[in-house]
Amino acid sequence: MFNPPTLEDLQETRRANEKLVLRALESKPEWVETELAKTTSLALSHLRAALASLLDQGRVRRLPGTGTRAVYGLADPGLADVPATPLTTDAKKVRDYLEGRADSALYMSEQLRMTREDVMVALSLLNAHGMITCTFVGSLVIFRLKETQALGQEQVAAEKPTTRKKQVA
């Protein structure tokens, strides 16, 4: 009797596929999608699912290719590997700024009147907490809050008791 895979099974398979892709990407700077599929022995659909997840996590970036060939490489958004310590004032300031928008570190530093280095430290801490994702646009790195973070904050705001009294008709 056939038992369809559970969501946990699918997530475990995707994580295993992501590890295969990351190992391959570490061996050389640029990979054409078809070469990556051959090297990892993954079906193209499984490779694309792993790449989509890694792109979303900001760990992989799509590079300019020739024609319709998709080229991928490891992403380096310039964030430091820091422990997930409590959020600093600067990290909270950057998190609040990123609510509902995406931006580069340089533009954030101008808007928030912080140094670019301080913004990068704050982003590194937010990344340690798993709160941000990044997207590459050419050589520019765009940061945004993860959707779950934004939704979580909206829910917290919605759950706060209001101070208005109910009107009785």
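Residues numbered from 1 in each chain as written. Predicted model: local features only at pLDDT ≥ 70, side-chain atom pairs only at ≥ 80, totals over all residues. Heavy atoms only, no water.

**Q** Sorry if this is basic, but what is going on with the packing of aromatic side chains here?
**A** Given two aromatic rings, one states the distance between the centres and the angle between the planes to describe the pair. One pass over the full model with this rule turns up zero aromatic pairs. Above the face of the Trp-31 ring, Lys-28 is positioned so that its terminal group lies 4.4 Å from the ring centre. A cation sits over an aromatic face here: Arg-101 above Tyr-97, 4.2 Å from the ring centre. (Phe/Tyr/Trp six-rings, centres within 6.5 Å; stacked < 30°, edge-to-face > 60°. Lys NZ or Arg CZ within 6 Å of the ring centre and 35° of its normal.)

**Q** Is there a simple way to explain the nonpolar core in this structure?
**A** A general feature of soluble globular proteins is that nonpolar side chains tend to end up buried together. Judged by nonpolar contacts, the single largest core of 23 residues is most densely connected at Val-94, Leu-98, Met-108, Leu-123, Ile-132 and Phe-143. Only helix 4 (89-98), helix 5 (105-112), helix 6 (116-128), strand 5 (132-137) and strand 6 (140-145) provide two or more residues apiece to this core. Element by element, the count of residues in this core is highest for helix 6, at six residues. Beyond its immediate sequence surroundings of up to four residues, Val-94 is in contact with Met-108, Leu-112, Met-114, Ala-122, Leu-123 and Leu-126. Core analysis: the next-biggest nonpolar cluster, separate from the first, contains 15 residues, Leu-36, Ala-37, Leu-42 and Val-60 among them. (Core = buried A, V, L, I, M, F, W, Y, C linked by side-chain atoms within 4.5 Å. Buried < 20%, exposed > 50% of the residue type's maximum accessible area, 1.4 Å probe, protein only. Helix = DSSP H or I, 4+ residues; strand = E, 2+ residues; numbered from the N terminus. Contact = heavy atoms within 4.5 Å.)

**Q** Even after reading the chapter, I still don't get the pattern of salt bridges, so can you show me in this structure?
**A** By the definition in use, this model includes four salt bridges. When the shortest N-O distance is used, the salt bridge between Arg-14 and Glu-18 registers 2.5 Å. On the criterion of helical spacing, the pair formed by Arg-14 and Glu-18 is a turn pair, its members being four residues apart in helix 1 (residues 7-27). Note on Arg-14: relative accessible area 26%, which makes it partly exposed. Looking at Glu-18, the relative accessible area reads 7%, which means it is buried. Measuring nitrogen to oxygen at the nearest pair gives 3.6 Å for the salt bridge that ties Glu-35 to Lys-28. (Salt bridge = Lys/Arg side-chain N within 4 Å of Asp/Glu carboxyl O.)

**Q** Explain the confidence of the model for the chain to me, please; I cannot follow it from the model alone.
**A** Any region with low pLDDT has predicted coordinates that should not be read closely. Scored by pLDDT, the chain has a mean of 82; 86% of the residues are at 70 or more. Element-level mean pLDDT values for the chain span from 50 in helix 7 (residues 147-159) up to 95 in helix 4. Predicted confidence is poor over residues 149-169, with pLDDT under 50, and the contacts of this stretch with residues over four places away or in other chains come to four contacts. (pLDDT = per-residue confidence, 0-100.)

**Q** I'm lost on helix 2 (residues 33-40) in this one. Help?
**A** Helical periodicity: at 3.6 residues per turn, an α-helix aligns residues three or four positions apart in one direction. Along helix 2, the residues classified as buried are Glu-33, Leu-36, Ala-37 and Thr-40. Buried residues of helix 2 fall within an arc of 100° about the axis and therefore sit on the same side. Contacts made by the buried residues of helix 2 are with helix 1, strand 1 (31-32), helix 3 (44-57) and strand 3 (71-74). Once helix 2 ends, the next one or two residues include Ser-41, with phi positive near 60°. (Arc of directions from axis to C-beta.)

**Q** Can you walk me through the pairing of strand 3 in this structure?
**A** The side chains of a regular strand alternate between both faces of the sheet. Here strand 1 pairs with strand 3 via two bridges, running antiparallel. Residue pairing across strands places Trp-31 opposite Tyr-72, the latter belonging to strand 3. Relative to strand 3, strand 2 (residues 60-63) runs antiparallel, the two being bridged by four bridges. Across the sheet, the residue bridging to Leu-63 is Val-71, located in strand 3. (Pairing = 2+ DSSP bridges.)

**Q** Help me out: how do you make sense of helix 6 in this one?
**A** Between its first and last C-alpha atoms helix 6 spans 18 Å; for 13 residues at 1.5 Å apiece the expected length is 18 Å, and the two agree. Every buried residue belonging to helix 6 is among Val-119, Met-120, Ala-122, Leu-123, Ser-124, Leu-125 and Leu-126, and all of these are buried. As for helix 6, its buried residues are in contact with helix 4, helix 5, strand 5 and strand 6. Just past helix 6, the residue Gly-130 takes up positive phi, approximately 70°. (Expected span 1.5 Å × (residues − 1).)

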